[in-house]
Amino acid sequence: MLTINKIDVAYDQVQVLFELSLSVSRGEILCLLGRNGAGKTTTLKSIMGLLPLRAGRIEFDGEPLNELAAHLVPTKGIAYVPQGRRLFSELSVQQNMEIGLMTSGAGKETKDYALSLFPRLQERLKQRAETLSGGEQQMLAMARAICTKPEVILLDEPTEGLQPSMTSLIRDVIVQMKQQNVAVILVEQHVDAVLSIADRVTFIEHGTNADTVQAAQLQENPSLIQQYLGV
């Protein structure tokens, strides 16, 4: 479905990704694990067209994504929830969600579905995004992404800094998206949480795919976690 084939990516003259390859299928949760600076966030930004490729190719259902301008990538069914949420802080909850709806051309049914996943947002539709709690802002960032009706969703540290109950809610929504046949690429530092929901885990080390294994294998033999993460 979504494939990354030997991509090289740099920030100016500093190369970060080196012939990195990975793939994710519909209804699959692929988790990217690696130390800080390994290239996980850079991988997600590259998929979204926010960073140009020096080499390689990114395809979605056989169509090259890396040839598209960044603002066109979401229209192909790729949604991105970046680290730090990146909401339109001065706009209301409803207005942030409507931006997602505009991307997909979706209507009330899609909005109602997103709100059913995060009922608390229903009570705050007219509230400015900047006045929400951290957990509520994460809900809104994910709800806005869901309003684009994604076939693939990229999540960068979605539970960072959240209390356990909020972390559990976010994980439950990710699993529901998988059940809706959405492909999920998840960057997360909470290893235990990841292993409970992921299908496969790709370890990124020094900007390349060091290994990809079934999550069940890591649960049975966590030595790779120690090898690649030192935890």
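What counts and what doesn't
Residues numbered from 1 in each chain as written. Predicted model: local features only at pLDDT ≥ 70, side-chain atom pairs only at ≥ 80, totals over all residues. Heavy atoms only, no water. Pairing = 2+ DSSP bridges. Helix = DSSP H or I, 4+ residues; strand = E, 2+ residues; numbered from the N terminus. Contact = heavy atoms within 4.5 Å. Axes fitted to C-alpha atoms, helices over the stretch in contact; angles between N-to-C directions. Buried < 20%, exposed > 50% of the residue type's maximum accessible area, 1.4 Å probe, protein only. Arc of directions from axis to C-beta. Core = buried A, V, L, I, M, F, W, Y, C linked by side-chain atoms within 4.5 Å. Expected span 1.5 Å × (residues − 1). Salt bridge = Lys/Arg side-chain N within 4 Å of Asp/Glu carboxyl O.

Draft legend 1. Local environment of the sheet that holds strand β2 (residues 14–24). Read from one edge to the other, the open sheet built from four strands follows the order β2-β1-β4-β5, with strand pairing classed as antiparallel. Either end of the sheet is taken by a strand with one partner, and the two such strands are β2 and β5 (63–64). By the bridge criterion, six bridges tie strand β1 (residues 2–11) to strand β4 (residues 53–60) in an arrangement that is antiparallel. By the bridge assignment, Leu2 is partnered in β4 with Phe60. Across the sheet, helix α1 (residues 40–47) lies against β1, β2 and β4, angled at about 110 degrees from β1, the strand it touches most.

Draft legend 2. Summary view of the environment of Val191. Of note, Val191 is situated in helix α7 (residues 191–197). Sequence spacing of Val191 and Leu33 is 158 residues, and the spatial spacing of their C-alpha atoms is 8.3 Å.

Draft legend 3. Geometry of helix α3 (residues 108–117). Buried residues of α3: Thr110, Lys111, Ala114, Leu115 and Leu117, and no others. Burial along α3 is one-sided: seen end-on, the buried residues are contained in an arc of 155 degrees. Residues of α3 that are exposed and angled more than 90 degrees away from the buried face: Lys108 and Glu109. Where α3 is buried, its residues touch α2 (93–104), α4 (119–122), α5 (134–146) and α6 (164–179).

Draft legend 4. Structural context of the pairing of β2. Sheet topology note: the β1/β2 ladder contains seven bridges and is antiparallel. Within β2, the position partnered with Ala10 by the bridge is Gln15.

Draft legend 5. Structural view of the nonpolar core. By size, the foremost hydrophobic cluster in this structure holds 51 residues, and its most contacted members are Met97, Phe118, Ile153, Ile174, Val201 and Phe203. If you tally residues by element for this core, the top one is α5, at seven residues. Ignoring sequence-local partners within four residues, the contact set of Ile153 consists of Ala79, Val81, Ala145, Met177, Val182, Ala183, Val184 and Ile185. Counting 29 residues, the second largest nonpolar core, distinct from the first, contains Leu22, Ile78, Tyr80 and Val187.

Draft legend 6. Region of interest: the environment of Gly84. Looking at where Gly84 falls in the secondary structure, it is placed in the loop between β6 (78–81) and α2. Considered as a pair, Gly84 and Pro158 are 74 residues apart in the sequence and their alpha carbons are 8.6 Å apart.

Draft legend 7. The arrangement of α2 in detail. Look at α2: 18 Å from first C-alpha to last across 12 residues, which is about the 16 Å you get at 1.5 Å a residue. Within the sequence span of α2, burial applies to Val93, Asn96, Met97, Gly100 and Leu101. Seen end-on, α2 carries its buried residues on one side only, within an arc spanning 145 degrees. Where the residues of α2 are buried, they touch α3, α4 and α5. Of the residues flanking the end of α2, it is Gly105, one or two places downstream, whose phi is positive at about 75 degrees.

Draft legend 8. Representation of the sheet that holds strand β3 (residues 29–33) in the model. Read from one edge to the other, the open sheet built from six strands follows the order β6-β7-β8-β3-β9-β10, with strand pairing classed as mixed. Single-partner strands in this sheet number two, and they are β6 and β10 (208–214). Strand-to-strand, the axes of this sheet are offset by a mean angle of 20 degrees, without reference to chain direction. Pairing geometry for strand β9 (residues 200–205) and β10, over six bridges, is antiparallel. Within β10, the residue paired with Glu205 across the bridge is Thr208.

Draft legend 9. Up close: the pattern of salt bridges. Within the structure shown, the criterion is met by 13 salt bridges. Ionic pairing is found between Glu151 and Arg26, a salt bridge with its closest N-O pair at 2.8 Å. Taken together, the residues span a long stretch of sequence, with Glu151 in the loop between α5 and β7 (152–156) and Arg26 in the loop between β2 and β3 at a distance of 125 residues. Two residues, Glu136 and Arg120, come together in a salt bridge whose shortest N-O distance is 3.7 Å.

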